[in-house]
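What the coordinates show
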Amino acid sequence: MIRYALACDNGHDFESWFQDSAAYDKQAKRGLVACPRCGSGRVEKAIMAPRLAGARKRDAVANIPAPAATAPEKTPVAMISPQEKELRTKLKELRDHLTQNADHVGPKFSEEARKMHYGEIEHRSIYGEASPDEAKSLAEEGIEFHPLPILPDERN
């Protein structure tokens, strides 16, 4: 799994996990990566500092100012096929179904998922929020979960 720092064309910064860099590229190309704050599908990778081992190296990297991000001259655009439009509709239907038929546990998602996985409470459908680190820990423990699809509003 790989975590990317992303930014939308409205200036919102956020992070997201992908199976690998090819998975990000494929999802971005198909318009499936969107800003969770505003729903914009115009998302690009932001500059990320590499994760380094060792306290001295971390401290040294932390003191280096990050270069200023520049806005791209052109924004990537795409025309989607009828099949892709149908897929987007199905993803929205899936999200709506899950949020209407599952318990919202908010920031306690990781805790509740672990309790169910280890048999401490009865299994049920839940959704909520998890940080990238929490998501990574859940995956490493073999706890199956999936991100809810976030799609920008349909544009005509």
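You'll find the structure just up there.
Note that the coordinates shown come from a computational prediction; the quantities given were computed from them, not determined experimentally. Counting from 1, residues in each chain are numbered in the order their sequence is written. Local features are withheld for residues below a pLDDT of 70 in this predicted model, meaning they are given only at 70 or higher, and side-chain atom pairs are given and counted only at 80 or more; totals for whole chains, interfaces and linings count all residues. Computation of side-chain values: all heavy atoms of the structure, hydrogens and water removed.

**Comments concerning the packing of aromatic side chains**
Cut-off, in case you're wondering: Between 30 and 60 degrees the pair is tilted, below 30 it is stacked and above 60 it is edge-to-face, where a pair is any two Phe, Tyr or Trp rings, Trp via its six-membered ring, whose centres lie within 6.5 Å. Here a strand is any run of E in DSSP of at least two residues, a helix any run of H or I of at least four, and the numbering for each starts at the N terminus. Between buried and exposed lies partly exposed: a residue is buried under 20% and exposed over 50% of the maximum accessible area for its type, with that area taken using a 1.4 Å probe on protein chains only.
Under the defined criterion, the tally for this structure stands at 3 aromatic pairs. Centroid distance Tyr4 to Phe18: 6.0 Å. Interplanar angle 45°. Geometry classified as tilted. A residue pair is termed long-range when its members are at least 10 positions apart, and Tyr4 in strand β1 (residues 2-8) and Phe18 in strand β2 (residues 13-18) qualify at 14 residues. We note that Tyr4, like Phe18, is buried. Grouped by ring-pair contacts, the aromatic residues Tyr4, Phe18 and Tyr24 constitute a single cluster.

**Some remarks on the state of the cysteines**
Covalently bonding the sulfur atom of one cysteine to the sulfur atom of another cysteine gives a disulfide. In plain terms, the rule: Any pair of cysteine sulfurs within 2.5 Å is marked as a disulfide.
Summed over all chains, the structure comprises 0 disulfides. Cys38 forms no disulfide, and the closest cysteine sulfur to it belongs to Cys35, at a distance of 3.7 Å.

**A look at the nonpolar core**
The condition that has to hold: What makes a nonpolar core is a set of buried Ala, Val, Leu, Ile, Met, Phe, Trp, Tyr and Cys residues whose side-chain atoms join them at distances within 4.5 Å.
If you look at the biggest cluster of nonpolar residues, it comprises 10 residues: Tyr4, Leu6, Cys8, Phe14, Phe18, Ala23, Tyr24, Val33, Cys35 and Val43. Every element with two or more residues in this core is listed here: β1, β2 and α1 (21-29). With 3 residues, the single largest contributor to this core is β1. Core analysis: the next-biggest nonpolar cluster, separate from the first, contains 7 residues, Val105, Ala113, Ile126 and Ile143 among them.

**A closer look at the pairing of strand β4 (residues 103-106)**
Along any regular strand, the residues point their side chains to alternate faces of the sheet. Counted only if it meets this: Two strands make a pair as long as DSSP finds a minimum of two bridges between them. Crossover handedness is defined by viewing with both strands directed away from the observer: a clockwise path from the first strand over the helix to the second marks the crossover as right-handed.
As paired elements, β4 and strand β5 (residues 126-128) share 3 bridges and run parallel to each other. The residue bridging Gly106 from the neighbouring strand is Gly128, located in β5. As a crossover connection, the stretch from β4 through helix α4 (residues 109-117) into β5 is right-handed.

**Concerning the packing of α4 against helix α5 (residues 132-140)**
Going by this rule: Helix axes use the C-alpha atoms of the stretch in contact, all axes being lines fitted to C-alpha atoms, and the angles between their N-to-C directions lie in the range 0 to 180 degrees. Here the angle decides the label: under 35 degrees means roughly parallel, over 145 means roughly antiparallel, 65 to 115 means roughly perpendicular, and every other value means oblique. Any two residues whose heavy atoms approach within 4.5 Å at even a single point are treated as in contact. Residues are grouped as follows: nonpolar covers Ala, Val, Leu, Ile, Met, Phe, Trp, Tyr, Cys and Pro; charged covers Asp, Glu, Lys and Arg; every other residue, Gly included, is treated as polar.
Between α4 and α5, the shortest axis-to-axis distance is 10 Å and the interhelical angle comes to 10°. One way to sum up the angle between α4 and α5 is to call them roughly parallel. Contact residues: Phe109, Ser110, Ala113 and Arg114 in α4; Glu134, Ser137 and Leu138 in α5. The residue inventory of the contact of α4 with α5, partitioned by class, reads 3 nonpolar, 2 polar and 2 charged.

**As for the sheet that holds strand β3 (residues 43-45)**
Within a sheet, neighbouring strands are paired by backbone hydrogen bonds and run either parallel or antiparallel to one another. With antiparallel pairing, the 3 strands of this open sheet are ordered in space as β2-β1-β3. On the outer flanks of this sheet lie β2 and β3, each paired with one strand and no other. Going from strand to strand, the sheet's axes swing by 40° on average, the running direction of each strand aside. As defined by bridge partners, β1 adjoins β2 across 6 bridges and the pair is classed as antiparallel. The partner of Ala7 across the bridge, within β2, is Asp13. Contacting β1 and β2, α5 runs over the sheet at an angle of about 10° to β2.

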